[in-house]
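Survey of secondary and tertiary structure
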Amino acid sequence: MYLDRTYRPRRRRQGAGRFWPIYLLIALGIILYKQQPSWLSARQMQPTPTPTRSAIAYLADAESALKAGKYDEALAAYAETNRLEPNNAEGWAAQSEIQMIFRDASKAYEFSQRAVNAAPKNPRALTAQARALNWLGKNEQALNAALNALDADPQYATAFAVLGEIYTDEGNVVKAEDYLKQAQAIDPNNVTMLRNWAYLYQRRQQYNEAIRAYDAALAVAPVRFDLFLEKGLLYRVSLADYKNANAAYDRAVRLYKSPVTLDYYGEGLYNSDDPLQAVRVLREAVEIDPTYGPAQAHLGMALFIRHNYEDAVAPLELGIQLLGDKARTEQLYTLGLAYIYKEPSDCDKAAFWLNKALTMDPGNSIALSGMNNLKSCQASTDTLTDTTATP
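Attention in this report is confined to the structure presented alongside it. This structure is a prediction, so every number in the text was calculated from the model and none was measured.

Time to look at the overall build of the protein. Scanning the protein from N- to C-terminus turns up 20 helices and zero strands. Counting every position in the protein, which comprises 391 residues, the buried fraction comes to 44%. Counted over contacts in the protein with a minimum sequence separation of 6, partners at least 24 positions apart contribute 49%. Here the protein has roughly 22,500 Å² of accessible surface; of this, 52% comes from carbon and sulfur atoms.

For helix α13 (residues 242-255), which comprises 14 residues, the first-to-last C-alpha distance of 20 Å matches the rise-based estimate of 20 Å (1.5 Å per residue) to within 8%. Buried within α13 are the following residues: A245, N246, A248, Y249, A252 and V253. In an axial view of α13, the angular spread of the buried residues amounts to 155 degrees, which keeps them on one side of the axis. Seen from the open side of α13, the exposed residues pointing more than 90 degrees away from its buried face are K243 and R254. Packed against the buried residues of α13 are α12 (225-238) and α14 (259-271).

What follows covers the state of the cysteines. Taken as a whole, this structure holds one disulfide when the rule is applied. Covalent S-S linkage joins C347 and C377, the inter-sulfur distance amounting to 2.1 Å. A torsion of -100 degrees about the S-S bond marks the disulfide between C347 and C377 as left-handed. With C347 in helix α19 (residues 347-360) and C377 in helix α20 (residues 365-389), this residue pair connects regions lying 30 residues apart in the sequence.

Here the bond from E343 into P344 is cis, since omega is -5 degrees, no more than 30 degrees from zero. Mapping P344 onto the fold places it in the loop between α18 (329-341) and α19. Here R103, not a glycine, exhibits a phi torsion of approximately 70 degrees, which is positive. You can see R103 is positioned in the loop between α4 (89-101) and α5 (105-118). A positive phi is found at D273, a non-glycine position, where the angle reads about 65 degrees. With respect to the helices and strands, the residue D273 is situated in the loop between α14 and α15 (275-288). Residue class for D273 comes out exposed when judged on its relative accessible area of 70%.

Its boundaries defined by the atoms lining it, the largest pocket holds a volume of some 1,500 Å³. Around the largest pocket, the lining is made up of 43 residues, and of these F102, R103, D104, Y292 and P294 lie nearest the centre. Take the lining of the largest pocket: its biggest share by element is five residues, from α14. Considering only residue class, the lining of the largest pocket consists of 19 nonpolar, nine polar and 15 charged. By volume, the second largest pocket amounts to about 810 Å³.

Attention shifts here to the side chain of R131. Structurally, R131 can be placed in helix α6 (residues 123-135). Setting aside residues no more than four positions away along its own chain, R131 makes contact with M100, V162, E165, T192, R195 and N196.

Next up on the list: the pattern of salt bridges. Applying the stated criterion across every chain yields a total of 16 salt bridges. Between E177 and R204 there is a salt bridge whose closest N-O contact spans 2.3 Å. With a gap of 27 residues between them, E177 in helix α9 (residues 173-186) and R204 in the loop between α10 (191-203) and α11 (207-220) connect regions that are remote in the sequence. According to the relative accessible area criterion, E177 is partly exposed, its value standing at 21%. Exposure remark for R204: the relative accessible area of 33% places this residue in the partly exposed category. Across the salt bridge formed by E284 and K257, the nearest N and O atoms sit 3.1 Å from each other. Taken together, the positions of E284 in helix α15 and K257 in the loop between α13 and α14 put the pair 27 residues apart, joining distant regions of the chain. Counted as one network, the salt bridges with shared partners bring together R103, R131, E165, R195 and E230.

Quick notes on the rules
- Residues numbered from 1 in each chain as written.
- Predicted model: local features only at pLDDT ≥ 70, side-chain atom pairs only at ≥ 80, totals over all residues.
- Heavy atoms only, no water.
- Helix = DSSP H or I, 4+ residues; strand = E, 2+ residues; numbered from the N terminus.
- Buried < 20%, exposed > 50% of the residue type's maximum accessible area, 1.4 Å probe, protein only.
- Contact = heavy atoms within 4.5 Å.
- Areas by Shrake-Rupley, 256 points an atom, 1.4 Å probe, with all protein chains shown as cover.
- Expected span 1.5 Å × (residues − 1).
- Arc of directions from axis to C-beta.
- Disulfide = S-S within 2.5 Å.
- 1 Å grid on protein atoms, 1.4 Å probe; cavity = no way out; pocket = protein on both sides within 12 Å on 5 of 7 lines; lining within 4 Å.
- Points joined across faces, edges and corners; volume = space filled by probe spheres on them.
- Nonpolar A, V, L, I, M, F, W, Y, C, P; charged D, E, K, R; others polar.
- Salt bridge = Lys/Arg side-chain N within 4 Å of Asp/Glu carboxyl O.

Interpretation note: all reported values are geometric properties and have no functional meaning in isolation.
Here's what the structure looks like:
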């Protein structure tokens, strides 16, 4: 059979049949549009959930902030640590230590008690409690807490350092030195140990050694503003060196501006015969915290020194009220004198505060002199009353 293998293209059919694929696609599109399957519909974007931070992350943040001298950030991070893990003694103990830096032993004790409640045998918690108790004058309890810390960890250097501080306050220099040397042998860079050597030297009136010990502590912890405050206090009270005292206070303010640091600096300024600058610094302190008693009292004292008796009365009275039993005799009699010298005088209130000063210190010469001035105060008040009553 003959096979013709020559290629011949097939003839295409004419008519609507050749468009059937297009019709099929159109029909399919209509069906899909009407049915709207879930996979074809636009989906709403769901936000990615933010992972909850762990307590250990906040603890790390707090420690980093503390090393950088960012005390407020550290406290906030420790607070979050304690919120997430209330049975973690480390966070509570750290907050207690910061309150000691702020020189608030009462708050420090509260936090240390939370730490001890969370972990009764935690050496850091027990040591924090011991130091707070020591500053509150409860040395027997402080001693027990520090010894319990060493029972928990016989190599805990800070516990030895705190025992040195307790025995310094007790006047037992031999034991104080012994405990400080043990702390030093365990950790030569322990800040509490270095600070407590300075404290011991200061109590022994070895002021040059005390200054060197403070400098050694600051070399290890340059952001510790409280060490500058204590060094300044040594210069002012022990050496009557107001220039170096105010330089130390100024460094403290630069490190951490707070009512505490501003108050020290302000008091130092008016004691060094610069009451104008003292008023400016102390006003900044009470603007930050109007309830900080020492700054209010010192502001009143600085205003009194500037003979601004009318303005001195309010902060002095508020400061004394906030300080309570911690108010000093000089603050009481200064308020009494301010009531005498201001215009118009208030002899009754002057007598009240002068008598309170004499109750605290019966032989105080300035308060006794103020009582003598009350006679002229009452005489001038009677004269003013008579003049006002004259028709």
